[in-house]
Amino acid sequence: PLPAQGSLLYLDALHAAFPQALAPQGTALLSWAPAAPRAPAGWPLPTLYCTPAEAGALPSRAAALRVQLLFALRERALRVLEAGLADELHDALAALRSGWPGLAQDLALGRLSPQPGLPEGARGRLQALLVPDATRAAELRAECSRGFEGIVQRLWPQLEVVVVGTAHGAEQLYCHALRQADCKGLPFYCPFYQAAGALLGVNLWPKEPVPRFLLCPDWAFCEFLPCPAEEEPRTVLLGELWEGREYGLVLTARPGQYRCRAGEVLRVAGFHKQCPVVEPVRRESQTLSVRGESIPEEQFCRSLCRAVALWPGARLVDYVCVESGLLGASSGACAPHYQVFVELRGLRDLSEGQRYKLDQCLQEDFPTYKSFRFKGSIGPLRLHLVGAGAFARLREALGPPVPMPRVLREERLLQLVQSTVIS
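Computed from a predicted model, the values in this text were never measured in an experiment.

Conventions used here
Sequence order as written defines the numbering, with residues in each chain counted from 1. Confidence filtering applies because this is a predicted model: local features only for residues at pLDDT of at least 70, side-chain atom pairs given and counted only at 80 or more, and all residues used for totals across whole chains, interfaces and linings. Excluded from the side-chain calculations are hydrogens and water; all other atoms, namely the structure's heavy atoms, are used. Working definition of a nonpolar core: buried Ala, Val, Leu, Ile, Met, Phe, Trp, Tyr and Cys residues. They are joined through side-chain atoms within 4.5 Å. When a residue's accessible area, from a 1.4 Å probe over protein chains only, is under 20% of the maximum for its type it is buried; when over 50% it is exposed; and in between it is partly exposed. Secondary structure elements are taken from DSSP: a helix is a run of H or I of four residues or more, a strand is a run of E of two residues or more, and numbering for both begins at the N terminus. In this analysis, two residues are considered to be in contact whenever any of their non-hydrogen atoms come within 4.5 Å of each other. Each pair of strands is called paired provided DSSP finds at least two bridges between the two strands. An axis is simply a line fitted to the C-alpha atoms; with a helix, the fit covers only the stretch in contact. Between two such axes, the angle follows the N-to-C directions and lies from 0 to 180 degrees. Put simply, angles under 35 degrees are roughly parallel, angles over 145 are roughly antiparallel, angles from 65 to 115 are roughly perpendicular, and the rest are oblique. Under the scheme applied, nonpolar residues are Ala, Val, Leu, Ile, Met, Phe, Trp, Tyr, Cys and Pro; charged residues are Asp, Glu, Lys and Arg; polar residues are all the others, including Gly. Lining residues are defined by having an atom within 4 Å of a point belonging to a cavity or pocket. Those points lie on a 1 Å grid over the protein atoms alone, cavities being sets where a 1.4 Å probe fits but cannot get out and pockets being open sets with protein on both sides within 12 Å along at least five of seven lines. Grid points are joined across faces, edges and corners, and a volume is the space filled by probe spheres set on the points. An automatic or database domain assignment provides the domain bounds reported here.

(A) Up close: the nonpolar core. L96, W156 and L200 are the most contacted members of the largest nonpolar core, which has 81 residues in total. The element that contributes the greatest number of residues to this core is helix α3 (residues 61–74), accounting for 9 residues. Once residues lying within four places of it in the same chain are set aside, the contact partners of L200 are Y193, A195, L214, L215, C216, W219, A220, C222, L249 and L251. Among the nonpolar cores identified, the runner-up in size contains 30 residues, and C301, V340, L358 and F372 belong to it.

Written out as structure tokens, the structure is:
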């Protein structure tokens, strides 16, 4: 659970930037947490949220997001749209795109339609909270029939801000896509920085486009390893950090817990009242390395986005990358290589020349990778397209909201992605 101080700082910063944000029933929550339903603010705050807590605790992620979306649609005067992760908001709005006629009918009749992952007992309790609203249903039909560009602000004209639990790393893919289309014109606010299950910092600047986090010294015991690594690595403490430098995080979350490297690299962006303000840079565990070339997740993502820009009409929804060793004999007899699975919108297939663009971009961006490719010690990258919704199903298989790994290390997750390959 979040320290009470963290929740208070978040709510105070939100209210200061958006004075109407804490209006009663003015926040809709889209977050799947079946084990412990709780708002990202850390408290249930029943007067703040218009979405019932039980909706987020359903056994199915897809069902939970659809039910929460239905309760959000009832409230035209929403001020805040909050999601545990940006991909949860994306998937809820994808359900709106594909299922708005059914949602409009449920609104008009004040009912909750049966669906997989929605137990009958829970459906009855949640349906008892609904009342017929033909006017709101007509508004939903009218706005969705006009298309989905800027749909969020058209459905909720008083909406001030979108709050997401994580907005760095590969989650930026979803934040960017939402800003460009469904949530056009709305600011995104990521209030907390968490690592290894511990809350470490809070974002006091909701209106800034790049999230920065004030590290709070008494929430967990943090040490830092300067990057790049020194010959004789020595951890430094909060008071020894230098602005502009990068550090690996070493964390002891609570008294009695093991001291460990959290796998996070942070950049010190400045100081606020002598406390460091940091920006997350990368996750050390999310690195591709079949021959020691060490390509970080966020840099691979940039190369992939550059390649997608060379595919006319394509928009990247999501991706994962696998080192060929995880596939065993099914990867063939060629040299170790990358297997990349992408979900695209606006493009059904790729030519061999288009597929090669990604390998070409990687060679241009990473000289070490280019050298290994030239020598033949790394084989050609293999690119696969997966069906629509593949990554939403993968997130459901992963369980409650944690940032989805874009470098897969688990065979069971790889098999789930492979089952959706279309070309």
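Moving on, there is more to tell.
(B) Structural view of the sheet that holds strand β7 (residues 213–215). If you walk across this open sheet you meet the 7 strands as β5-β6-β7-β11-β10-β9-β8, and the pairing is antiparallel. The sheet is open, and its two edges are formed by β5 (192–195) and β8 (221–227), each paired on a single side. If you compare each strand with its neighbour and ignore which way they point, the axes differ by 50 degrees on average. Bridging between strand β9 (residues 246–252) and strand β10 (residues 260–272) involves 5 bridges; their strand directions are antiparallel. Looking across to β10, one finds that G248 is bridged to V265. The sheet contacts of helix α1 (residues 4–17) involve β5 and β6 (198–202), and relative to β6 the element is tilted by about 35 degrees.

(C) Spatial organisation of the packing of helix α10 (residues 352–365) against helix α11 (residues 367–375). Their axes nearest at 5 Å, the elements α10 and α11 cross at an angle of 120 degrees. It follows that α10 is oblique to α11 by the angle criterion. Contacts from D359, L362, Q363 and D365 of α10 reach α11 at P367, Y369, K370 and R373. Within the contact of α10 with α11, the residues separate by chemical class into 3 nonpolar, 1 polar and 4 charged.

(D) Just the environment of F271, in detail. Tracing the sequence through the fold places F271 in strand β10. The class of F271 is partly exposed, set by a relative accessible area of 40%. Separated by 218 residues in the primary sequence, F271 and A53 have C-alpha atoms spaced 37 Å apart. If near-sequence neighbours (up to four positions away) are discounted, F271 is found in contact with L241, E243, P276 and V277.

(E) Highlighting the pairing of strand β15 (residues 338–345). A large share of β15 lies buried, amounting to 7 of its 8 residues. Relative to β15, strand β14 (residues 315–323) is paired through 8 bridges, and the arrangement is antiparallel. Residue pairing for β15: E323 is matched across the bridge by Y338. Sheet topology places β15 next to strand β16 (residues 382–385); 4 bridges connect them, and they run parallel. If you follow Q339 over to β16, its bridge partner there is R382.

(F) Here's a closer look at the sheet that holds strand β4 (residues 188–189). Overall, parallel pairing links the 4 strands, which are arranged β1-β2-β3-β4 in an open sheet. Two strands in the sheet have a free side with no partner beyond their single neighbour: β1 (27–30) and β4. Pairing of strand β3 (residues 161–164) with β4 involves 2 bridges; the strand directions are parallel. Looking across to β4, one finds that V163 is bridged to Y189.

(G) Quick peek at empty space enclosed by the protein. Tallying each qualifying case throughout the model produces 3 cavities of 30 Å³ or more. In this structure, the largest cavity spans a volume of roughly 90 Å³. Contributing to the lining of the largest cavity are H90, L93, A94, R97, A177, L178, A181, D182, R315 and R345. Elements that contribute at least two residues to the lining of the largest cavity include exactly α4 (86–109) and α8 (172–180). Examining the composition of the lining of the largest cavity, we find that 4 residues originate from one element, α4, more than from any other.

(H) Structural context of the domain arrangement of the protein. For the protein, the assigned domains read domain 1 (4–190), domain 2 (212–283) and domain 3 (287–419). One C-alpha centre belongs to domain 2, the other to domain 3, and the line joining them spans 30 Å.

(I) Broad picture of unusual backbone geometry. The amide bond that connects C227 to the next residue, P228, takes the cis arrangement and shows omega of -5 degrees. Its place among the elements puts P228 in the loop between β8 and β9. Despite not being glycine, K273 has its phi angle at roughly 55 degrees, a positive value. Tracing the backbone shows K273 in the loop between β10 and β11 (275–283).

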